[in-house]
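Geometric and topological summary
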Amino acid sequence: MTWIGIFLLGNLFAQQKISLTSPNEEIVLSVTVSDRIYYDVSYNKEILLENNSLDLNVSGTILGKNPKLTGQKKQQVNETLTPVVPFKFSTVQNHYNQLTLSFKGNYKVEFRAFDDGIAYRSITSLPGEIEVMDEGVNLNFPADYLLHLQQPKQFKTAYEEFYSHENSTEWTGQEHMALLPFLIDTRKGYKILLSESDLSDYPCLFLKGDKENSVTSTFPKVPLEFGEEGDRSLKILKEADYIAKTSGKRSFPWRYFVITKEDKQLIENTMTYKLATKNVLKNTDWIQPGQVTWEWWNAASPYGPDVDFVAGFNLETCKYYIDFASHYGIPYLIMDEGWAMSTRDPYTPNPKVNVHELIEYGKEKNVGIILWLTWLVVENNPDVFKTFSEWGVKGVKIDFMDRSDQWMVNYYERVAEEAAKYNILVDYHGSFKPAGLEYKYPHVLSYEGVRGLEQMGGCPPDNTIYLPFMRNAVGPVDFTPGAMINMQPEVYGARRPNSGSMETRTFQLALFVLFESGLQMLCDNPTLYYRNDECTQFITQVPVTWDETKALVAETGEVVVVAKRKGSKWYIGGITNGTERELSLNLDFLGKNKTFQMTYFEDGINAGRQAMDYRRKNKAVKSTDTLQIKMARNGGFAAVIE
């Protein structure tokens, strides 16, 4: 054998290539094991991501550097999953092909290929505790892609940055950082949504610009020492040089890529759920998702002839909110900051509010009470859920975490586990995005982690239009919709107590169908809801859990219309950006050979100028019909079909 033959034979053994295809064979994941573990991703034979690499640095040993493959296993799974809280579907088909690669050094990498994307995770079987110094998630783009992303200036963030839109060839250098979810437009007809699931005992993944049209991972370090920083946070005084200290025998979070040839698939995807640890609670009968009335956004300021008391954060006003909730069948009232005498003391209610009397009053009216807390007061008072359960509190809204290091990720899980012992629902505010905990502990019903309507003038429709394709595509979102004062952006001017939105009235109605949240807040003043009764009647009949979700129209950053089914009823919600639109909706999702009654709300003829202009109409429809709708700029469409 010549030296050339020996070289080629050695190179053949050195480079091992294994392919994994999706069940429908459209997506192909090609793994190359050489000096690193590399992988390419193609869709219909077109390379979308190439020469990506992955590794795990454990105490200075890089698992994935000069890897020695010791075994491989392939299997196919096709199962039906049933989520406790169905945000999109009451049943989810989990169909994938799996490749598990085993390596010398007691670690594995597990890949899965679905019809709508791919995912991978590392698995280690190492003794004792390990220190993870870093994890390499390295992505290379074969062309100049368009990146849709949020760019925090530091790891301390509430995930509320505006979306920005960058060319991948220009988003380079260490000064750039992005949080998840991260949306990639290949400009070839495909989009890739990157996020993570089964996040536990590990920090959240961030991405940063790298060199030559690529991105790489970065993570917050483990905090070691804390100092005082007011009543709702702690200052990190010292950090470790590692990102996680954890068990050596474990699986790490899934890194997943929803890969779509139609933007509709982003809306309908269930990847976070399919990869999450499933429900660990033995009893879930007590978990009751629902809508919530809320007093903060409108400054607890009902008014008018039926208000014969001084409004404000007091007992009479809160009873008025409970009466309002009872009238419309809203199951919960959130009492925000001010219900307690101090944000540091969750055991001493403000006597002006009298939580105990309100809880009893709410029971009479079939309205449960949810209390706002800072994360710090929960951490400092481990018996708070036991106490709240004894009081009769139904849930908590926990705020201002603003971090996603390993310590804080563990905090979320500790809180969820403790709250479950006492049948307390949880809504995380000031939070990172959902990453699977809401399925492991299904009483975690929502997360903020969004530039929501509480920002008022800082919540423009040209940013909100991306949420169904990005933030809400990975899990429930506490956006707090429902504004009854509506203005077009160029004439916007609102502040509490007369808070308002920058879109049309119909846009706001549509959000109750469009946005997923197990605790869906009605942000506005009961006075305005009473005065706009037909809008309120529509809002309060919209479910918060669904049997089926079907995207009808979807163009990222432009327009989205979604139909959702609960039982035999269908609801439609659609919104557009600053462009007025006429759309044709195919109603073939309705039952055949039947006639349905549709009640719908559309933008009025002057909604492009006066955003509160709308029309409510009724018509008979069939599955063979094509529905013509018109949306004003920053407008919407909302309907119920039964």
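So, a few notes on the structure that sits alongside this text. (Residues numbered from 1 in each chain as written. Predicted model: local features only at pLDDT ≥ 70, side-chain atom pairs only at ≥ 80, totals over all residues. Heavy atoms only, no water.)

**Some points on the sheet that holds strand E34 (residues 596–603)**
Strand order in the open sheet formed by six strands is E30-E31-E32-E37-E34-E35, and the pairing between neighbours is antiparallel. The open sheet is flanked by strand E30 (548–555) and strand E35 (614–621), the only strands paired with a single partner. This sheet shows a mean twist of 15° between the axes of neighbouring strands, independent of strand direction. Bridging between E34 and E35 involves eight bridges; their strand directions are antiparallel. The partner of Phe-596 across the bridge, within E35, is Val-621. Sheet strands in contact with helix H11 (residues 505–514) are strand E31 (559–566), strand E32 (569–576), E34, E35 and strand E37 (636–641), and its direction is about 130° off that of E32. Where helix H13 (residues 533–541) meets the sheet, its contacts fall on E32, E34, E35 and E37, and the angle it forms with E37 comes to roughly 65°. (Pairing = 2+ DSSP bridges. Helix = DSSP H or I, 4+ residues; strand = E, 2+ residues; numbered from the N terminus. Axes fitted to C-alpha atoms, helices over the stretch in contact; angles between N-to-C directions. Contact = heavy atoms within 4.5 Å.)

**Examining the nonpolar core**
If you look at the biggest cluster of nonpolar residues, it comprises 191 residues, and the most contacted ones within it are Phe-111, Phe-182, Phe-257, Met-335, Phe-388, Ile-398 and Tyr-428. Listed in part, the 22 residues of the second largest apolar core include Ala-563, Leu-585, Met-598 and Ile-641. (Core = buried A, V, L, I, M, F, W, Y, C linked by side-chain atoms within 4.5 Å. Buried < 20%, exposed > 50% of the residue type's maximum accessible area, 1.4 Å probe, protein only.)

**Observations regarding the state of the cysteines**
All chains considered together, the criterion is met by zero disulfides. Summary of cysteine pairing: Cys-318 is not part of a disulfide, and the nearest cysteine sulfur, belonging to Cys-523, is at 17 Å. Assessed through its relative accessible area of 2%, Cys-318 is described here as buried. With no disulfide of its own, Cys-459 lies 10.0 Å from the sulfur of Cys-523, the closest cysteine sulfur. Looking at Cys-459, the relative accessible area reads 2%, which means it is buried. (Disulfide = S-S within 2.5 Å.)

**With respect to the packing of aromatic side chains**
All chains considered together, the criterion is met by 39 aromatic pairs. Measuring from centroid to centroid gives 6.3 Å for Tyr-320 and Tyr-530, while their planes differ by 80°, and the two rings are edge-to-face. Within this pair, whereas Tyr-320 is found in helix H4 (residues 315–328), its partner Tyr-530 is found in helix H12 (residues 526–531), the two being separated by 210 residues in sequence. On the basis of relative accessibility, which here comes to 8%, the residue Tyr-320 falls in the buried class. The partly exposed category is assigned to Tyr-530, whose relative accessible area is 29%. Ring geometry for Tyr-412 against Tyr-428: centres 4.5 Å apart, planes inclined by 40°, an arrangement best described as tilted. Placement of Tyr-412 in helix H8 (residues 406–421) and of Tyr-428 in strand E27 (residues 425–428) is noted, with a sequence separation of 16 residues between them. Using a relative accessible area of 1% as the deciding quantity, one classes Tyr-412 as buried. Three or more aromatic residues joined by ring pairs make a cluster, and in this case those are Phe-309, Tyr-320, Phe-324, Tyr-328, Tyr-529 and Tyr-530. Stacked on the ring of Trp-407, the Lys or Arg Arg-414 has its end atom at 5.4 Å from the ring centre. Lying over the aromatic face of Trp-296, Arg-496 brings its terminal NZ or CZ to 4.3 Å of the ring centre. (Phe/Tyr/Trp six-rings, centres within 6.5 Å; stacked < 30°, edge-to-face > 60°. Lys NZ or Arg CZ within 6 Å of the ring centre and 35° of its normal.)

**Focus on the pairing of E34**
In terms of residue burial, E34 counts as a mostly covered element, since seven of its eight residues are buried. With five bridges connecting them, E34 and E37 associate as antiparallel partners. Looking at E37, one finds that Thr-599 is bridged to Val-640.

**Focus: helix H7 (residues 384–391)**
Every α-helical turn comprises 3.6 residues, leaving residues that sit three or four positions apart pointing alike. Listed as buried for H7 are Val-384, Phe-385, Thr-387, Phe-388 and Trp-391. In an axial view of H7, the angular spread of the buried residues amounts to 160°, which keeps them on one side of the axis. On its buried face, H7 sits against strand E24 (345–349), helix H5 (355–365), strand E25 (368–374), helix H6 (375–380), strand E26 (395–399) and H8. (Arc of directions from axis to C-beta.)

**Thoughts on unusual backbone geometry**
Leu-180 connects to Pro-181 through a cis peptide bond whose omega is 0°. With respect to the element layout, Pro-181 can be found in the loop between strand E12 (177–179) and strand E13 (182–185). With an omega of 5°, the peptide bond running from Arg-496 to Pro-497 counts as cis. By the element assignment, Pro-497 lies in the loop between helix H10 (461–464) and H11. Positioned with a positive phi, Asn-213 is a non-glycine residue whose angle comes to about 65°. Take Asn-213: it is sitting in the loop between strand E15 (206–209) and strand E16 (214–218). Judged by its relative accessible area of 10%, Asn-213 falls in the buried class.

**A short note on the pairing of strand E7 (residues 92–103)**
Among the twelve residues of E7, ten are classified as buried, and the element is accordingly described as predominantly covered. Taken together, the twelve bridges between strand E6 (residues 69–81) and E7 define a ladder with antiparallel strand orientation. When the bridges of E7 are listed, Lys-74 appears paired with Leu-99.

**Re the sheet that holds E27**
With parallel pairing, the seven strands of this open sheet are ordered in space as E28-E27-E26-E25-E22-E21-E29. The open sheet has two free edges, formed respectively by strand E28 (444–447) and strand E29 (519–522), since each of these has just one partner strand. Between one strand axis and the next, the sheet turns through 25° on average, direction left out of account. As paired strands, strand E21 (residues 290–294) and E29 are joined by four bridges and run parallel to one another. Pairing of Gly-290 across the sheet is with Leu-519, part of E29. Sheet contacts for H8: E26, E27 and E28; angle to E27, the most-contacted strand, approximately 160°.

**A short note on the packing of H11 against H13**
The axes of two packed helices give the description: the angle between them and the distance between them. Close contact between H11 and H13 brings their axes to 9 Å; oriented N to C, the two are set at 20°. In terms of their interaxial angle, H11 and H13 are classed as roughly parallel. Once H11 is placed against H13, the crossing between them reads as right-handed. Mapping the contact onto sequence places Arg-505, Leu-509, Phe-512 and Val-513 in H11 and Cys-535, Phe-538 and Ile-539 in H13. A class-by-class count of the residues in the contact of H11 with H13 yields six nonpolar, no polar and one charged. (Parallel < 35°, antiparallel > 145°, perpendicular 65-115°, else oblique. Left-handed = near helix turned anticlockwise from the far one by under 90°. Nonpolar A, V, L, I, M, F, W, Y, C, P; charged D, E, K, R; others polar.)

**As for the environment of Thr-293**
Looking at the element boundaries, Thr-293 is found in strand E21. Measuring from C-alpha to C-alpha, the distance between Thr-293 and Val-367 comes to 9.9 Å, with 74 residues separating the pair along the chain. When residues no more than four places from it in sequence are discounted, the contact partners of Thr-293 are Tyr-321, Phe-324, Ala-325, Ile-330, Tyr-332, Leu-333, Ile-334 and Leu-522.

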